[in-house]
Amino acid sequence: MSNHLKLSFEIWPNMPWGRLEIAGPAWNSWGDKSLEWCIRQIASYGYEGFDVIYPKIQEILPHEYDDTVKKVRKAMDETGLAFSSIGCHTTFVTPRYFDRDAGIAKFKKAIDAASDMGAGTVVTLIGDGYYDPPLYNLMTRKEAWHQVVTATQEVADYAKTKGIDVSIELIQGTIINNIDDMLKLFELVDRPNVYACVDVGTFYTTVKPRMPIKEAIRKLGDRIRVTHVKDEVGFPNIMQSQHVWFGAGFVDFREMAEALKEVNFQGYNSVEWEGFQTGGLYGVGDPSGVSMTDFDRVAEESKEYLEEFGWGKQDK
């Protein structure tokens, strides 16, 4: 049994998802800082790795890209931080072929960036959804599954040529919203570099109603590549995805830590603070509508909180 759950911290740009209504033109105190600056700041708080939301990389001007890669690599060397993952939510399922083609192409660009900068895996949920938005009105479940499988195979084969893994995030609203369907995806895709991303918040709003958390983690076992660590509450809608400050939501962090240690999880556990985005009943941030935008406080306090429940280095 592992006694050490490695903590990493996720780097977000401002306005990460564009004009998406549930996120809004969200701002955070690190949003305009360079990747290099963020990496060094994360190291100062004692994390072992970092993760990057792909629009942060897309913001890099083409003529500055090569220099940024060098700076990122240098910061990694000097801090000892590992580049755990790139989060690139993109479109794999849609009746609009051109959106799907663009989504697959975008994901491949994220794989290129992972290869250039030294990230281990690229993560996506199965966008554009299926249940939310309700694409079942426009395409059959069979058609959606075919699109999921073939898109995942295509990007996995491309990633293999770069030495990169692909991680599919189980999340409410998408067609991969439960453990059995995640296992089905592994079987149908049949690629050794395809893994699961466990979103801790999602597991308590979406997976737990179907099965106990420890059973769910055991079923995924060594197919877990990365986790996203957050607290969450769920309103009676499909997404059930309001992100709240650690300790305010449904997540039992001690139980999840025990579950991951029992399967000897060796990957990184990324503090994923999405609560800086639009809140309220229809947003993804705090339902009160007031949320934390100070990422220095987020980095420091979330790590302190998680260490109380068995995350991070315990053998001090």
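Residues numbered from 1 in each chain as written. Predicted model: local features only at pLDDT ≥ 70, side-chain atom pairs only at ≥ 80, totals over all residues. Heavy atoms only, no water.

Asker: Tell me what's going on with helix H1 (residues 35-44), and back it up with residues and numbers.
Answerer: Each α-helix turn comprises 3.6 residues. Residues three or four places apart therefore point the same way. Those residues of H1 that sit buried are Leu35, Cys38, Ile39, Gln41 and Ile42. Across the axial projection of H1, the buried residues extend over an arc of 165°, all falling on one side. As for H1, its buried residues are in contact with strand S1 (6-11), strand S2 (49-53), helix H2 (54-58), helix H3 (65-79), helix H4 (97-117) and helix H10 (295-308). Glycine 46, located one to two residues past H1, shows a positive phi value of around 90°. (Buried < 20%, exposed > 50% of the residue type's maximum accessible area, 1.4 Å probe, protein only. Helix = DSSP H or I, 4+ residues; strand = E, 2+ residues; numbered from the N terminus. Arc of directions from axis to C-beta. Contact = heavy atoms within 4.5 Å.)

Asker: Tell me about the sheet that holds S2, and name the residues and values.
Answerer: Read around the barrel, eight strands follow the order S1-S2-S3-S5-S7-S8-S9-S12 and close on themselves; strand pairing throughout is parallel. In this sheet, adjacent strand axes meet at a mean angle of 30° when their direction is disregarded. Bridging between strand S7 (residues 165-169) and strand S8 (residues 194-199) involves four bridges; their strand directions are parallel. In the strand pairing of S8, serine 167 is matched with tyrosine 195. Packing of H4 onto the sheet brings it into contact with strand S3 (82-87), strand S5 (121-124) and S7, and relative to S5 it is tilted by some 150°. Seen against the sheet, helix H5 (residues 141-162) touches S7 and S8 and runs at an angle of roughly 150° to S7. (Pairing = 2+ DSSP bridges. Axes fitted to C-alpha atoms, helices over the stretch in contact; angles between N-to-C directions.)

Asker: Go over unusual backbone geometry with me, naming the residues and quoting the values.
Answerer: With omega at 5°, the peptide bond leading from glycine 127 into aspartate 128 counts as cis. Its location among the elements puts aspartate 128 in the loop between strand S6 (126-127) and H5. Cis geometry marks the peptide bond from aspartate 132 to proline 133; its omega dihedral reads 0°. Phi at methionine 15 is positive, roughly 50°, even though this residue is not glycine. By the secondary structure assignment, methionine 15 is in the loop between S1 and H1. Overall, the relative accessible area of 39% leaves methionine 15 in the partly exposed class. Despite not being glycine, aspartate 190 has its phi angle at roughly 55°, a positive value. Structurally, aspartate 190 is set in the loop between helix H6 (179-189) and S8.

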